[in-house]
Each structure stands twice: as structure tokens, then as C-alpha cells.
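An overview of the molecular structure
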Amino acid sequence: MCDLEKLVIRGGKPLIGEIEISGAKNAAVAILPATLLAKGEFIIDNLPNISDIDATLDILRHLGAEITRLGKHTVRINTMGVTNKPIPEFLACKLRASYYFLGALLGRFGSARVAMPGGCNFGGVRPIDLHIKGFNALGATVGTDGEYVVAQTTASTLMGNTVFLDKPSVGATINVILAAVGAKGITVIENAAKEPHIVDIANFLNRMGAEVRCAGTERITIIGGLPMKGCEHIIIPDQIETGTYMTLAAATRGQLTLKNITSPHLDKITAKLRECGATVIPEEVDSSEQITVSASGRLKCCDIKAEAHPGFPTDMQPQFTALLSICEGTSMVTDSVWDNRFKYTDQLTKMGAQIKVSGNTACIQGTNELTGASVFANDLRAGAALIIAALAAKGTTTIGNISYIDRGYEDIVEKLSAVGADIQRVEFPDVPPVSNIQKVE
Ligand code: EPZ
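The paragraphs below set out a description of the structure included in this document. (Residues numbered from 1 in each chain as written. Predicted model: local features only at pLDDT ≥ 70, side-chain atom pairs only at ≥ 80, totals over all residues. Heavy atoms only, no water.)

What follows concerns the overall build of the protein. Looking only at helices and strands, the protein features 14 helices and 23 strands. Along the longest, intermediate and shortest principal axes, the C-alpha atoms of the protein span 65 × 65 × 45 Å. Put simply, of all contacts in the protein between residues at least 6 apart along the chain, 73% involve residues at least 24 apart. Looking at charge distribution, the protein has the averaged site of its 41 positive side-chain charges lying 2 Å from that of its 46 negative ones. (Helix = DSSP H or I, 4+ residues; strand = E, 2+ residues; numbered from the N terminus. Contact = heavy atoms within 4.5 Å. Lys, Arg positive; Asp, Glu negative; His and termini not counted. Charge placed at Lys NZ, Arg CZ, Asp CG, Glu CD.)

Attention now moves to the sheet that holds strand E20 (residues 361-365). With mixed pairing, four strands are arranged side by side in an open sheet as E17-E18-E20-E19. Single-partner strands in this sheet number two, and they are strand E17 (304-306) and strand E19 (354-358). Ignoring strand direction, the axes of neighbouring strands in this sheet form an average angle of 15°. Pairing analysis gives five bridges linking E19 to E20, with the strands arranged antiparallel. If you follow Gln354 over to E20, its bridge partner there is Gln365. (Pairing = 2+ DSSP bridges. Axes fitted to C-alpha atoms, helices over the stretch in contact; angles between N-to-C directions.)

Our focus in this paragraph is the side chain of Thr173. You can see Thr173 is positioned in helix H6 (residues 170-181). Given the relative accessible area of 0%, Thr173 is considered buried. Those residues in contact with Thr173, other than ones at most four positions away along the chain, are Leu165, Ile189, Ala192, Ala193, Ile198 and Ile220. (Buried < 20%, exposed > 50% of the residue type's maximum accessible area, 1.4 Å probe, protein only.)

This part covers the environment of Ile77. Residue position: Ile77 is located in strand E5 (residues 74-78). The spatial distance from the C-alpha of Ile77 to the C-alpha of Ala65 is 6.6 Å, given a sequence separation of 12 residues. Sequence-distant contacts of Ile77, that is, excluding residues within four places in its chain, are made with Leu32, Thr35, Gly40, Glu41, Phe42, Ile44, Leu60, Ala65, Glu66 and Ile67.

Here Leu324 shows up in helix H10 (residues 317-324). In this structure Leu324 comes out as buried when scored by relative accessible area, which is 0%. With 136 residues separating them in the primary sequence, Leu324 and Val188 have C-alpha atoms 41 Å apart.

On inspection of all chains with the given rule, the structure shows zero disulfides. For the unlinked cysteine Cys301, the closest cysteine sulfur is that of Cys302, found at 7.2 Å. (Disulfide = S-S within 2.5 Å.)

Summarising the sheet, strand E2 (residues 16-20) and strand E14 (residues 255-261) pair through five bridges and their orientation is parallel. Across the sheet, the residue bridging to Ile19 is Leu258, located in E14.

Moving on: the nonpolar core. Core analysis: the biggest nonpolar cluster contains 78 residues, and Ile44 and Leu205 have the highest contact counts within it. For this core, the leading source of residues is H6, giving eight residues. The contacts of Leu205, once residues within four sequence positions are left out, are Ala34, Leu37, Ile177, Leu178, Val181, Ala210, Val212 and Met228. (Core = buried A, V, L, I, M, F, W, Y, C linked by side-chain atoms within 4.5 Å.)

This part takes up the packing of aromatic side chains. For the structure on display, the rule yields four aromatic pairs. Consider the rings of Phe342 and Tyr344, whose centres lie 6.2 Å apart with planes at 35°: the pair is tilted. You can call Phe342 buried: its relative accessible area is 4%. (Phe/Tyr/Trp six-rings, centres within 6.5 Å; stacked < 30°, edge-to-face > 60°.)

So, about the sheet that holds strand E3 (residues 41-45). If you walk across this open sheet you meet the four strands as E4-E5-E3-E13, and the pairing is mixed. Pairing within the sheet leaves two strands with one partner each, and these edge strands are strand E4 (66-71) and strand E13 (232-234). Taken over all neighbouring pairs, the strand axes of this sheet differ in orientation by 20° on average, direction set aside. With five bridges connecting them, E4 and E5 associate as antiparallel partners. The partner of Thr68 across the bridge, within E5, is Arg76.

Turning our attention to the site of the ligand. Looking at the ligand, there are 22 residues lining it, with Asp129, Leu130, Ser169, Asp315 and Val337 nearest. The side chain of Asp129 places a nitrogen or oxygen atom 2.7 Å from a nitrogen atom of the ligand. At 2.7 Å, a side-chain N or O of Ser169 approaches an oxygen atom of the ligand. Within the complex, 93% of the 830 Å² of free accessible area of the ligand lies under protein. It is helix H5 (residues 129-137) that provides the largest number of residues to the shell around the ligand, a total of three residues. Tallied by class, residues from the shell around the ligand come to nine nonpolar, five polar and eight charged. (Near = heavy atom within 4 Å. Polar contact = N/O pair within 3.5 Å; in protein donor to acceptor, adjacent residues only side chain to side chain. Areas by Shrake-Rupley, 256 points an atom, 1.4 Å probe, with all protein chains shown as cover. Nonpolar A, V, L, I, M, F, W, Y, C, P; charged D, E, K, R; others polar.)

Before going further, it helps to examine the pattern of salt bridges. Inspection of every chain in the model, using the stated rule, returns 19 salt bridges. Two residues, Lys25 and Asp52, come together in a salt bridge whose shortest N-O distance is 4.0 Å. Placement of Lys25 in helix H1 (residues 25-34) and of Asp52 in helix H2 (residues 51-62) is noted, with a sequence separation of 27 residues between them. Measuring nitrogen to oxygen at the nearest pair gives 2.7 Å for the salt bridge that ties Glu241 to Lys415. Of this pair, Glu241 sits in helix H8 (residues 239-251) while Lys415 sits in helix H14 (residues 412-417), placing them 174 residues apart in sequence. (Salt bridge = Lys/Arg side-chain N within 4 Å of Asp/Glu carboxyl O.)

H6 packs onto H5 with a crossing angle of 25° between their chain directions and a minimal axis gap of 8 Å. By the angle class used here, H5 and H6 are roughly parallel. As for how H5 packs across H6, the hand of that crossing is right-handed. On the side of H5, the interface is formed by Leu130, His131, Gly134 and Phe135, while H6 contributes Gly171, Ala172, Asn175, Val176 and Ala179. Looking at the contact of H5 with H6 residue by residue, the class counts come to five nonpolar, four polar and no charged. (Parallel < 35°, antiparallel > 145°, perpendicular 65-115°, else oblique. Left-handed = near helix turned anticlockwise from the far one by under 90°.)

Take it as geometry only, folks, not as evidence of what the structure does.
Here it is in C-alpha cells:
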């Protein structure tokens, strides 16, 4: 990836103020494809204004849905004119969640052709074998044909069945739910993922007329084949955006109040910040929830085990590692979800962090302070971790590959500037002008 834009950050200042949290990316990228399961009109509110949402809406338009922007965070979707068409690579490759169109098209039409998904690369192929296992259980064959993953029901319609997921995969859980809604009969998903966005997609489908029971537990039951219609829905607040800014408040020894949040989704992040010595105060103001995080002086180290919900979220692992880099003492961070999600630590090391990685565990020796450097993001949450480190560091940091960050954080420069961050989005021509390139004889 060769972005021409970089972030230039001058760190070392406490961040103080309020930040409005946007809608949850990982709920929205599943709910938008789910609209294909009915012919009707939808109003979806609290959509985050990020590139992953733009990419998902482009795929819906490609399939014939009519999309009308009613505001920065609100769209009207009319799926009356939707037809089942292959989703080409140039659309599917922009995000990992394009694979939800497999489950949605399979559930609506009994077949789907979707080019392989894109998304953050943690140093290895991100498998979809559990998605395929679920589709097979419902009576669909799944194969590849060039750039496409092709799913096709073998009978006239999908049939409900029991699906055991070997791992509580978020994507596989959601994809099986989407297909099972269109299947005849009852589907039970065992060892289902329990993340907040699973509950939000289930609530959305139930508003459409589906019956998805016990989402948020390890056993989800779906009564398939029910009549489905359009509906209205407000996306839940983004747990990971909130956790990122909570961690940033602690790292800069400032005080941030995050507004429009759901505090039960933040329990593990709150617990670990308190263990480090930060103050975390959730409260309800005018019937909406907010949470205030503050810290002063040197924070203490703590150990983290990132795991499936309700454990500490893996999508918060990089950001918290950045904080632990300047906490007193030695911290151990283990990621039991992704085998190789520590590539970003090389970039933190350039800033003076003392981190040793072995397998899926990082040992962090806290240092007094970090120093600004030129670094680059190798995925979305790695980019967020570098922003935290840069704002806590002394001196100036430039961060490259920031299109990763724009995939998941709405208006991050504006939100941070409003609480005192010295941060700018600057165009850096990475490639020298052609005239400077010497001809090699
Ligand atoms: C979702 O990815 C999120 N992405 C990821 O967040 C998040 O890290 C992950 O869930 C875990 O919470 C979206 O929701 C768009 P998984 P997903 O299937 O669904 C293995 C972010 O930063 N697995 O729960 O792809 C897999 O290798 C992104 O917002 C299989 O083995 O994750 C991993 O070890 C990054 N076979 C584990 O399960 C499969 O078929 C969990 O993966 C599927 C997954």
C-alpha cells in the first residue's frame, strides 16, 4: 500500500475534552448486507462515516439497491430492485466483511458468487473454513471459480441444521445466521461468537421479521423461512473506537469523556485501565451513556489475554500494548484469537518501546517515554496503536498507510484535534518525481 497521505503528530500533551463515539463498524458491515434478505425499504442510523461503510454501500448499489444518504450517519436503502449478481474483486477486496454477502445472497436467492474478501492482514491468510462448514450444513456447496467463492444450495432451498463452530468465529457466526434466516426449518449454532455486534445484527434481523434467539450466548437458534420486510435500525456505538480513546486518555495522562457509548461493552477495557491506575467513571447523562477516563503520573504494568467476547477484545490488543510500553514494570500480552497480530510492535520499537514477541505473546518492558519517529500502519488497529504512541511520545511522529486507519475511525484527525492533539493529515509524495529517477543502463 502506498498512501500519499501521512499523519504528522507532535506528542507529549495531555488530551482533555469530549469525543462523540460513532456507530460500530463491525455491526454496520454485517447489517447492511442483511438488508438483502428482504424486499423493502430500510432506514439505518448511526452508521459510522468510514471507508468500509462506503465500500459496503457500493456493493449494495452494484446489486441494484437504491441508496439515499439522509445525513452523515443515516441512509435509506430500497432493495426492491436487487438482483443476484457476482460481486467482483474490485468491490469485494476493499474489506474483509464483503464475505457477509455470501450468507445474505445465499439466504435470499440460494446462491452467491463473491470475490475473495480483503481486510487487515495479520501476516497470514484469514481462513473461512468455518463459514463454509456452516453453509455445507445448511445444504449448500461452496467452491472457488477463479477469483470467486461460489456458494449454491443443492436442493430447492437451504434446510435448517445444527452447526458446531470449532472456534467462536464472529464472521462465521454472522454468515451462518444470514443464510439460516433464508433456510427452511430450525438452525442451531453451537459455540457461537458472543460479541456485541452479533446481538445487534440479531436485533436487526428480528426487526425484519426473522426469529434469531439467544444471540450473545454460545448457542443461537434461528427459525428460518419467515416473511421478511424493511425496517428502521440504529447501529450500536463502537466498542473498539471507545476503547481506543479510553486508552489514549490514559496514555497522554489527560481526561477524555466519551459520549454515546454502551458501558457494559467496555467492562474488560475498564477493568484493565483501572488495574493500570487510571480512573474510569461511567455515567448516564440525559438518558445517554458516557464514560470519563483520566490518569496522572506513571501508570503501572498489567498482563492482558486477548480472547473472544466476553474476554478482553483482540481488537484492543495493539492499542493497549502501546499504553503498556510506557507503564512501569513488565507486562505480558497474549492474543489467543490471532496467531500473529504483533507485527506492529516493530514500529513501536522504532519509537523506543521495549517489546519482545514470541509466538502470540509479547513481553513489554515499560519505558519512561517514547520518542517520535517515522512509522507506518500495517493494519487498522496497528494504526490506532501508533497514534496512541505518537500522542504520548516526545517529539514528532509521521505515520504512513493511514488509509487503514480511515477504514475504521471516523474523522479521527478532527476528533483528536478537538481535544488538544497536535495532529495533521499531510500529503507526502512517497514516490520521487519521475525526472529524479536515474536511467539504469
Ligand atoms: C472479526 O473478524 C472482526 N472483523 C475483526 O476485527 C476481529 O478481530 C475478529 O472478528 C475477532 O473479534 C469484522 O467484524 C469485520 P473471526 P473475523 O472469524 O470474523 C479463526 C477490526 O479490527 N477462523 O472471529 O474475520 C481466525 O483465523 C477487525 O475491526 C478460522 O479458523 O474473525 C481467528 O483465529 C480486525 N476459520 C479466529 O477464528 C474461519 O472460517 C477468530 O476469527 C474463521 C475464523
